[in-house]
Amino acid sequence: MSLEPFFNRLRSDLEGAKRDRLYKNELILRSPQQSQVSVGDGDKSTLINMCSNNYLGLANSPELVAAARHSLLTDGFGMASVRFICGSHAIHKELEERISQFLGTEDTILFSSCFDANAGVFEALLGEDDIIISDALNHASIIDGIRLCKARRLRYLNNDIEDLERALKETSGARTILIATDGVFSMDGIVADLEKICRLAERHNALVLVDDSHAVGFIGPSGRGTPALFGVQDKVQIVTGTLGKALGGASGGYVSGRREIVEWLRQRARPYLFSNALMPAICAAALAAIDLAEGGDQLRESLARQTARLRSGLSRLGVKLGGNAHPIVPVLCGEAHLATELAGHFRENQILAVPFSFPVVPKGQARVRMQVCASHSEAEIDQVLTAVECFPSLEALKEVA
Ligand code: PLP
């Protein structure tokens, strides 16, 4: 017996991914994450970064760096334990309380990432007598979390309330029904219609889970997220989110909501029970990030202003965009080759933005997804618009249906 067939298969799969242009090459940054990043040596190495999740521009904020540095000196480096053995530090509790206060929830439990939060939440709370109804465009971590759970699964078309109602009618006999949705769908920058979702949920006695990773810190009043935007905080029982995007961008995630839910997750959520506690310095920086986000109307205004400048400028040039006011600004390209060509053209013009094509988005719906950051300047946004204006295939881009 030889292991060669296994390695031959991997080599062949890798070649196939390269041949089909699905192979992901990683860009190496040589500067901190910020609105302009260095990726190599020489004049052309500084790029305007239009593809990070650094919505509030806090990833290299002096306040966060100082908070993390102070924590490193006082709290130490690592916890070397899961939370329930000897890995619970006072700063974890402080951050959990601060997130609850910020979101207006009863309690919060931290995870190493939002991927882990979503991987753990369904299986711990629901079983084979229950039903989960999930939006078709939910994040991969919700899909995987649901797969790990024995509850029956139903899917509804993206943000389609009629289709959600159809699914809800198929739930008779279920012990518990849970509707799971992203607060913002990250490929399109579309905000979930939480008002209608919550109204339907109430009528059918269903729980609502919202993953607010692409909203927390910058959407809704004081950046409290999509439930606050729609005024339905009391109708969303479970919110999951990340510290890895607007709130500093390091890592960490959470589940926030009703006290009983959080208490039970501490007992049963497997990624919480069997994975190391978050580094204290990350918690310290996240505390600073929440302070900056909560008092960050100016940051949010800047983000909204630059987003509007980019969106209106691109629309004036005749290109089709996804979403409507969110800083995720997808330039719809239709075929994958046009998205690749546009991203290549951006790169030649010192702009970093990546193409997305099948299987990340459906066939024929390729796009270059741009993301605006509060620290982008007008000049940087205008440089992006100038690049689009001189894109050799602009006419083809305008004709995308
Ligand atoms: N949920 C959504 C909607 C996301 O977009 C992401 C990140 O891409 C995650 C969860 C995972 O977050 P984390 O990076 O904290 O694991």
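Residues numbered from 1 in each chain as written. Predicted model: local features only at pLDDT ≥ 70, side-chain atom pairs only at ≥ 80, totals over all residues. Heavy atoms only, no water.

*Asks:* Explanation requested: unusual backbone geometry in the structure shown.
*Replies:* Note: most residues except glycine have negative phi, and most peptide bonds are trans. Here the bond from F358 into P359 is cis, since omega is 10 degrees, no more than 30 degrees from zero. For P359, the position within the fold is in the loop between β14 (354–356) and β15 (366–371). One non-glycine residue, N205, lies in the positive phi region at around 60 degrees. By the secondary structure assignment, N205 is in the loop between α8 (194–203) and β9 (207–211). The phi angle at Q350 is positive, at roughly 60 degrees, despite the residue not being glycine. (Helix = DSSP H or I, 4+ residues; strand = E, 2+ residues; numbered from the N terminus.)

*Asks:* Mind showing me how you'd approach empty space enclosed by the protein here?
*Replies:* Which parts of space are left empty comes out when a probe the size of a water molecule is rolled across the atoms. The tally for this structure, following the rule as stated, stands at 2 cavities of 30 Å³ or more. Its boundaries defined by the atoms lining it, the largest cavity holds a volume of some 70 Å³. In this structure, the largest cavity is lined by R83, H92, L110, F111, S112, P271, Y272, S275, N276, A277 and L278. Those elements that provide at least two residues to the lining of the largest cavity are β3 (107–111) and α11 (270–273). Space inside the second largest cavity adds up to approximately 60 Å³. In terms of lining residues, the second largest cavity is bounded by L103, T105, R224, P227, Q233, V236 and V239. The class makeup of the residues in the lining of the second largest cavity is 4 nonpolar, 2 polar and 1 charged. (1 Å grid on protein atoms, 1.4 Å probe; cavity = no way out; pocket = protein on both sides within 12 Å on 5 of 7 lines; lining within 4 Å. Points joined across faces, edges and corners; volume = space filled by probe spheres on them. Nonpolar A, V, L, I, M, F, W, Y, C, P; charged D, E, K, R; others polar.)

*Asks:* Where do I start with the site of the ligand in this structure?
*Replies:* By nearness alone, 13 residues border the ligand, and C114, D211, H214, T242 and K245 come closest of all. Measuring from an oxygen atom of the ligand, one finds a backbone N or O atom of C114 at 2.8 Å. Here an oxygen atom of the ligand sits 2.6 Å away from a polar atom, N or O, in the side chain of T242. Expressed as a share of its isolated accessible area of 390 Å², the protein-covered part of the ligand is 82%. The element contributing the most residues to the shell around the ligand is helix α5 (residues 114–125), with 3 residues. (Near = heavy atom within 4 Å. Polar contact = N/O pair within 3.5 Å; in protein donor to acceptor, adjacent residues only side chain to side chain. Areas by Shrake-Rupley, 256 points an atom, 1.4 Å probe, with all protein chains shown as cover.)

*Asks:* What is the right way to look at the sheet that holds β9 in this model?
*Replies:* Strand pairing in a sheet relies on backbone hydrogen bonds, with the paired strands running either antiparallel or parallel. Read across the sheet, 7 strands follow the order β3-β11-β10-β9-β6-β4-β5 without closing on themselves; strand pairing throughout is mixed. Each edge of the open sheet carries a strand with a single partner, namely β3 and β5 (152–156). Recorded for the sheet is a direction-independent mean angle of 20 degrees between the axes of neighbouring strands. Across the face of the sheet, helix α4 (residues 90–103) comes into contact with β3, β10 (238–242) and β11 (253–257) while running at roughly 125 degrees to β3. (Pairing = 2+ DSSP bridges. Axes fitted to C-alpha atoms, helices over the stretch in contact; angles between N-to-C directions. Contact = heavy atoms within 4.5 Å.)

*Asks:* It is not clear to me how the layout of surface pockets should be interpreted in this structure. Could you clarify?
*Replies:* The space that makes up the second largest pocket amounts to roughly 240 Å³. Surrounding the second largest pocket, 16 residues form its lining, I219, A304, A325, H326 and P327 being those nearest its centre. Grouping the amino acids of the lining of the second largest pocket by side-chain chemistry returns 9 nonpolar, 5 polar and 2 charged.

*Asks:* For this particular structure, what's the right way to read the sheet that holds β15?
*Replies:* Read across the sheet, 3 strands follow the order β12-β15-β14 without closing on themselves; strand pairing throughout is antiparallel. Of all the strands in the sheet, just β12 (328–334) and β14 have a single pairing partner and so form its edges. The mean inter-strand angle of the sheet, taken between neighbouring strand axes irrespective of direction, is 30 degrees. Pairing analysis gives 3 bridges linking β14 to β15, with the strands arranged antiparallel. Residue pairing across strands places V354 opposite R369, the latter belonging to β15. Relative to the sheet, helix α14 (residues 336–348) contacts β12, β14 and β15, its axis offset from that of β15 by approximately 35 degrees.

*Asks:* Is there a simple way to explain the domain arrangement of the chain in this structure?
*Replies:* How big an interface is tends to be stated in terms of the accessible area lost upon association of its parts. When the domains of the chain are assigned, the result is domain 1 (26–56 + 297–398) and domain 2 (62–294). Computed over C-alpha atoms, the centres of domain 1 and domain 2 are 28 Å apart. Taken residue by residue, the interface counts 20 residues in domain 1 and 18 residues in domain 2. Carbon and sulfur atoms supply 59% of the area buried between domain 1 and domain 2, which totals about 1,400 Å² over both sides. Seen at the junction of domain 1 and domain 2, the total is 1 salt bridge. A salt bridge links D188 to R367; its shortest N-O distance comes to 2.8 Å. Taken together, the connections running from domain 1 to domain 2 amount to 8 residue pairs in polar contact (both at pLDDT 80 or more). When residues of the side of domain 1 that touches domain 2 are traced back to their parent elements, those giving at least two are α13 (297–316), β12 and β15. Considered class by class, the residues forming the side of domain 1 that touches domain 2 number 10 nonpolar, 7 polar and 3 charged. (Domains from an automatic or database assignment. Buried area = accessible area lost by both parts, 1.4 Å probe. Salt bridge = Lys/Arg side-chain N within 4 Å of Asp/Glu carboxyl O.)

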